[in-house]
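# Examining the three-dimensional arrangement
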Amino acid sequence: MDIRFVVISVLLMIADELTVRGPSGPLMAPLGSSLVLPCYVDELLLMEGLEVEWRRKDSETLVHLFLDGKSRAEVQQQDYLDRAHFFTNQIQHGNFSLRLDSLTAEDEGKYTCKVYSPQDSGETVVKITGFECLLVSRSSRSVSVYDGEDVTLNCSVDSHITPEHIEEVSWKRTGEDEEILVLLYQNNETFPDSSDEQYRDRVKFFPDEIPKGNFSLRLKRVRTEDTGVYTCQVFAGALSDRATVILEQLDPADFSRFTQDLSAQASQLMMHHQELTRLTSMTEELVKAVQSLHPTPATADAPLPRQEPPTAPVTRPTSSPRLAFLEQFDGTPAKCKGFLMQCSIFLAQQPTLYFPDSAAQTVEVEDTLKTLFRQALNEELQSELACRDEDKSLDQFIQLAIRIDNVICSRRGPRSGGNPMLSQPLDSSDEPMQIGRTHISSEERERRI
């Protein structure tokens, strides 16, 4: 019993090592054709207990099933019934490939091939990425041309297939009883000698356009017998497609009638234009006559409006930082320099508050500071400086004021408290109309009243 258990364990370990092989890359085939989805193993498996299952990987739809030695078509999904087939005689040799017929666009996607046996199991994935297609197009259904002119019949191949893999392109005209070969392109070469006798030396391809898939035909010196239906047919392996163009010849008599009708319409348009010009002139004369007979007060003597010269666009001043207004100077000499510096900064940052006119913005800030400084002095000092501050800077003006104040102070003697340069407020205890510091008595005040 122990030996059997060991053998069974070894077989179970091998069961996970079955290698199922598939294609080396995605598969592609023409729509409507058949495609083989490869799936095989390198070793032979016992048919007894063998199961092969093909499913769509995205939806787990059952495509086909091989079980108990035969195909189980009765369990296939309806879309794959009679379209998916095993190679039954190859299954015993390890070939579990599936043939899918009548390919449709819905068949694109991934498929899983799962192989089960009593000893082993494994799977592989097969991908159908797209379908080869060949589309031949033309620019117009019909082309009209006059006798003796040249014409181009368009034919383009719209496909992922490169021109090198296009085996044959033929231009033919459908006659009453047969097709007439106009020009042939085969195996990357044009054969002008294959053309029918009536088209010799009159038809050609555009060699520079062929690598782009353009197989348009150039027909020179069109004749009356060239009219009809032309077919451009392209072959590339199992793929083929065609496009038709109808060549019509215009009747010279129709062109002559068209030219005459066009000339007649041009003459009629000229007559209408002349009549319209005459009516416009008459209307203008009538308007002038009515205005001369009935002049309106608003327009009879009103001068013409004066044309104002164009004004220059207004340029908005650049916004400057908003600063708080300065505190009022209290007259302390130690704070004078700092107060003047703050005034200088304030005026430099916001000149538009004091110089709103653009022309006045050129005024020096020092002139304003000098004015503010002068107004803070007492009247005596202002009188002394009235005619002495011409052409002086702010610093020179301050030094001059200090020197004059020192001279005045030296004349009067020392004073106690206060700043001599600043105007002194009146003492509330002083009485008006007094001389010196002598106070009158209350009796004298009563007597005078």
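Residues numbered from 1 in each chain as written. Predicted model: local features only at pLDDT ≥ 70, side-chain atom pairs only at ≥ 80, totals over all residues. Heavy atoms only, no water.

### Examining a negative patch on the surface
Inclusion rule: Distance thresholds for patches are 9 Å for like charges and 5 Å for nonpolar side chains (Val, Leu, Ile, Met, Phe, Trp, Tyr), applied to residues having over 30% relative accessible area and no salt bridge. Each accessible area is a Shrake-Rupley estimate made with a 1.4 Å probe; only the visible protein chains count as cover when residues are assessed. When a carboxyl oxygen of Asp or Glu lies within 4 Å of a side-chain nitrogen of Lys or Arg, that pair is called a salt bridge. The sign given to each residue is positive for Lys and Arg and negative for Asp and Glu; His and the chain ends receive no count. For this purpose, a charge sits on NZ of Lys, CZ of Arg, CG of Asp or CD of Glu. Think of it this way: any DSSP run of H or I at least four residues long counts as a helix, any run of E at least two long counts as a strand, and we number them from the N terminus.
A cluster of acidic residues, E176, D177, E178 and D196, forms a negative patch on the protein surface. The topology assignment puts E178 in the loop between β16 (168-174) and β17 (179-186).

### Regarding the pattern of salt bridges
Condition: The classification of residues rests on relative accessible area computed with a 1.4 Å probe and restricted to protein chains. Under 20% of the type maximum is buried, over 50% is exposed, and intermediate values are partly exposed.
All chains considered together, the criterion is met by 13 salt bridges. R72 is the partner of D68 in a salt bridge, and the nearest nitrogen-oxygen pair spans 3.4 Å. The partner of R200 in a salt bridge is E197, with the nearest N and O atoms 3.8 Å apart. Residue E197 is classed as exposed on the basis of its relative accessible area, which comes to 60%. Residues joined by salt bridges that share partners form a network here, namely D68, R72 and E74.

### Points about the sheet that holds β16
Our working definition: Between any two strands, pairing holds if DSSP finds at least two bridges. Lines fitted to the C-alpha atoms define the axes, with helices restricted to the stretch that makes contact. Angles between their N-to-C directions range from 0 to 180 degrees.
Strand order in the open sheet made by the six strands is β13-β22-β21-β16-β17-β18, with mixed pairing throughout. Edge positions in the open sheet fall to β13 (142-145) and β18 (189-191), since each of these has one partner strand only. Adjacent strand axes in the sheet meet at a mean angle of 20°, parallel and antiparallel pairs treated alike. In this sheet, β18 lies alongside β17 in antiparallel orientation, the contact comprising three bridges. Bridged to Q186 within β18 is E189.

### Regarding the nonpolar core
Condition: Residue types Ala, Val, Leu, Ile, Met, Phe, Trp, Tyr and Cys, when buried and joined through side-chain atoms within 4.5 Å, form a set referred to as a nonpolar core. Contact criterion: two residues are considered in contact whenever any of their non-hydrogen atoms come within 4.5 Å of each other.
Within the largest apolar cluster, 32 residues are counted, with the highest numbers of intra-cluster contacts made by L153, W171 and L247. Beyond its immediate stretch of four places on either side in the chain, L153 contacts V143, W171, S216, L217, Y230, V245 and L247. Core analysis: the second largest hydrophobic core is formed by 27 residues, L50, F66, F86 and Y111 among them.

### Some details on the confidence of the model for the protein
The criterion, for reference: The pLDDT score gives, residue by residue, the confidence of the prediction method on a 0 to 100 scale.
In the predicted model, the protein carries a mean pLDDT of 77, and the fraction of residues at 70 or more is 70%. Ranking the elements of the protein by mean pLDDT puts helix α1 (residues 2-15) last, at 36, and strand β19 (residues 203-204) first, at 94. Between residues 1-15, whose pLDDT stays under 50, and residues either more than four places distant or in other chains, the model counts six contacts. Of the regions scoring below 50 in pLDDT, residues 358-362 engages in four contacts with residues more than four places distant in sequence or in other chains.

### Concerning the sheet that holds strand β14 (residues 151-153)
The antiparallel open sheet is built from three strands, whose spatial order is β14-β20-β19. Of all the strands in the sheet, the pair left with one neighbour each is β14 and β19. Pairing of β14 with strand β20 (residues 217-219), which is carried by three bridges, proceeds in the antiparallel orientation. Bridging from a neighbouring strand, T152 pairs with R218 of β20.

### Let's talk about the pairing of strand β6 (residues 62-67)
Across the six residues of β6, five count as buried, placing the element largely inside the fold. Two strands pair when backbone bridges link them, and β6 and strand β7 (residues 70-71) are joined in this way by two bridges, in the antiparallel orientation. Within β7, the position partnered with L67 by the bridge is K70. The hairpin turn running from β6 into β7, its antiparallel successor, is two residues long, and D68 in that turn takes a positive phi close to 60°.

### Description of the state of the cysteines
The line we're drawing: Cysteine sulfur atoms are paired as a disulfide whenever they come within 2.5 Å of each other.
Inspection of every chain in the model, using the stated rule, returns two disulfides. What pairs with C39 in a disulfide is C113, and their sulfur atoms sit 2.0 Å apart. Judged by the sign of its S-S torsion, about -70°, the cystine formed by C39 and C113 is left-handed. Taken as a pair, C39 in the loop between β3 (35-37) and β4 (40-41) and C113 in strand β10 (residues 109-116) lie far apart in primary sequence, 74 residues in all. A residue is classified by how much of its surface remains accessible, and C39, at 0% relative accessible area, is buried. Taking relative accessible area as the criterion, C113 reaches 0% and is therefore assigned buried. Across the disulfide, C155 is cross-linked to C232 (sulfur-sulfur distance 2.0 Å). Across the S-S bond of C155 and C232 the torsion is about -65°, and the bridge reads as left-handed.

### With respect to the packing of aromatic side chains
How we decide: Only Phe, Tyr and Trp rings are paired, with Trp represented by its six-membered ring, and only when their centres lie within 6.5 Å; those with planes under 30 degrees apart are stacked, over 60 edge-to-face, the remainder tilted.
What the rule picks out here adds up to five aromatic pairs. Ring geometry for F66 and F86: centres 6.1 Å apart, planes at 75°, overall edge-to-face. With F66 in strand β6 and F86 in strand β8 (residues 84-86), this residue pair connects regions lying 20 residues apart in the sequence. Across the pair, F86 and F66 agree in class, each one buried. For the pair Y185 and F205, a centre-to-centre distance of 6.3 Å together with 80° between the ring planes defines the contact as edge-to-face. Taken as a pair, Y185 in strand β17 and F205 in the loop between β19 and β20 lie far apart in primary sequence, 20 residues in all. Look at Y185 and you get buried, because its relative accessible area is 5%. For F205, a relative accessible area of 5% translates into the label buried. Within the aromatic cluster, the residues linked to one another by ring pairs are Y185, F205 and F215.

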